[in-house]
Amino acid sequence: MIRFASPWLLLLALAVVLRIALVVRDRRRRFGAFTFSSLSLISPKTSFRAKLAGIPFFLECVAALLLIVAMARPQRVTRLASNERYGIDIVIALDASGSMAAEDFRPRNRFAVAKDLIGDFIARRLDDRIGIVIFGARAATRVPITYDRDVAQAILDKAQVGENGDGTAIGSAIATAVNRLRTSKSRSRIIILVTDGVNNSGSIEPMTAAQIAAREGIKIYTVGVGSRGPVPIPVKRQDPFTGEIVTTYQVVRADIDEETLATIARTTVGGYFRATTAKTMGDVLARIDTLEKTRLTAPKSEKVDELYFRPLAAGMLAFALALLGGETLWLKLSA
């Protein structure tokens, strides 16, 4: 479909048409013609040069009409069908306590694997807003909810184990995530809590924070990360003889408070998942990806192609020819 962005400008064409009508009327009535005493003094036939005298005027009128059309901005409009989109607001709360350095997800530790899989999850959520909270002994928002997945991914990549202290403040992490989502107008808001420990820091109890989330209508999906049983955790220390930093491994038993995590999920009508390997953690995030989708109907959209440059170019060409033709004809007639 062709339309004009400023159709009212086409009214200017009436001025051009009026000018043409006046010129035609004047020529028919011979206004401004010389008076001769006898017809024998003039040629009975119109010369070729005289016939060409009207061409510059014709080109000027054509140029004016084309430039008016260009100013009205003709457009080709292609209407696109409506489509279904899915979008929600998600805050990911990632545990960065010291135990996340455990290397039971060999050849990498829990934190590195979690970051990679969360990054893949973010990349799949094309129509969602994503926020990130990193927590240890305290919780901090690293990414407010945003559509900019590149920014979220870049900040997630820079996250390090222990950056928020060596502890696990699950309650504070949930409360911080809830604050990020409290003002959201999205129909669906969720928190994905990824941790490998027991709440041992912070001033807010996990269940208190979960009840606040439930009152706000926010679902929480909890993911317990780590294999069962003793796990190796790297410990860096300085060699007393050489002064170099060396890494040794300490085998510890990393307990996960699965009962609390499951209760948090039930309270907020979410879900609890246990990820004992990198593969199962990937499967967990993929399952959450399929569970949390809100249907939104996108309005019909239009693709608009501007076409003004064609009449503009033709009008400029016609105007140039009118100027060139008028000057050439004037020189010939004056010769």
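Up top is the structure these notes are about.
Structural notes, computed from the coordinates.

Reading the values: the criteria
- Residues numbered from 1 in each chain as written.
- Predicted model: local features only at pLDDT ≥ 70, side-chain atom pairs only at ≥ 80, totals over all residues.
- Heavy atoms only, no water.
- Helix = DSSP H or I, 4+ residues; strand = E, 2+ residues; numbered from the N terminus.
- Phe/Tyr/Trp six-rings, centres within 6.5 Å; stacked < 30°, edge-to-face > 60°.
- Buried < 20%, exposed > 50% of the residue type's maximum accessible area, 1.4 Å probe, protein only.
- Contact = heavy atoms within 4.5 Å.
- Pairing = 2+ DSSP bridges.
- Right-handed = clockwise from strand over helix to strand, strands pointing away.
- Core = buried A, V, L, I, M, F, W, Y, C linked by side-chain atoms within 4.5 Å.

**A closer look at the environment of Asp150**
Here's step 1: Within the secondary structure, Asp150 sits in helix 5 (residues 149-158).
Here's step 2: Considering only alpha carbons, one finds Asp150 and Ile122, 28 residues apart in sequence, at a separation of 9.4 Å.

**Looking at the packing of aromatic side chains**
Here's step 1: As enumerated under the stated definition, the model contains 2 aromatic pairs in all.
Here's step 2: Taking 6.4 Å as the distance between ring centres and 20 degrees as the angle between the ring planes, the aromatic pair formed by Tyr221 and Phe273 counts as stacked. Within this pair, whereas Tyr221 is found in strand 8 (residues 219-225), its partner Phe273 is found in strand 11 (residues 271-275), the two being separated by 52 residues in sequence.
Here's step 3: Taking the relative accessible area as the measure of exposure, Phe273 reaches 10% and is therefore buried.

**Points about the environment of Val178**
Here's step 1: By the secondary structure assignment, Val178 is in helix 6 (residues 170-181).
Here's step 2: When the C-alpha positions of Val178 and Ala209 are compared, they lie 8.2 Å apart, and in sequence the two are 31 residues distant.
Here's step 3: If near-sequence neighbours (up to four positions away) are discounted, Val178 is found in contact with Ile191, Ile212, Ala213, Glu216 and Ile218.

**A closer look at the pairing of strand 7 (residues 189-195)**
Here's step 1: Counting buried residues in strand 7 gives 7 out of 7 residues, a clear majority hidden from the surface.
Here's step 2: Side chains Arg189, Ile191, Leu193 and Thr195 project from strand 7 onto one buried face, and the interleaved Ile190, Ile192 and Val194 project onto a second face that is buried too.
Here's step 3: In this structure, strand 7 lies alongside strand 8, joined through 6 bridges in parallel fashion. When the bridges of strand 8 are listed, Ile190 appears paired with Lys219.
Here's step 4: Between the parallel elements strand 7 and strand 8, the chain passes through helix 7 (residues 206-215) in a crossover that is right-handed.

**Here we look at the environment of Arg124**
Here's step 1: Mapped onto the elements of the fold, Arg124 is located in helix 4 (residues 110-124).
Here's step 2: Beyond its immediate sequence surroundings of up to four residues, Arg124 is in contact with Leu285, Ala286 and Asp289.

**Looking at the nonpolar core**
Here's step 1: Among the nonpolar cores identified, the biggest contains 33 residues, and Ile90, Leu94, Ile118, Ile192, Val194, Val223 and Ile288 are the most heavily contacted of them.
Here's step 2: Those elements that provide at least two residues to this core are strand 4 (89-95), helix 4, strand 5 (129-135), helix 5, strand 7, strand 8, strand 11 and helix 9 (278-291).
Here's step 3: With 7 residues, helix 4 is the single largest residue contributor to this core.
Here's step 4: Setting aside residues no more than four positions away along its own chain, Leu94 makes contact with Met100, Phe111, Ala114, Lys115, Ile118, Val133, Ile134, Phe135, Leu156 and Val194.
Here's step 5: The next biggest cluster of nonpolar side chains, apart from the first, holds 22 residues, and it includes Ala93, Val133, Ala177 and Val178.

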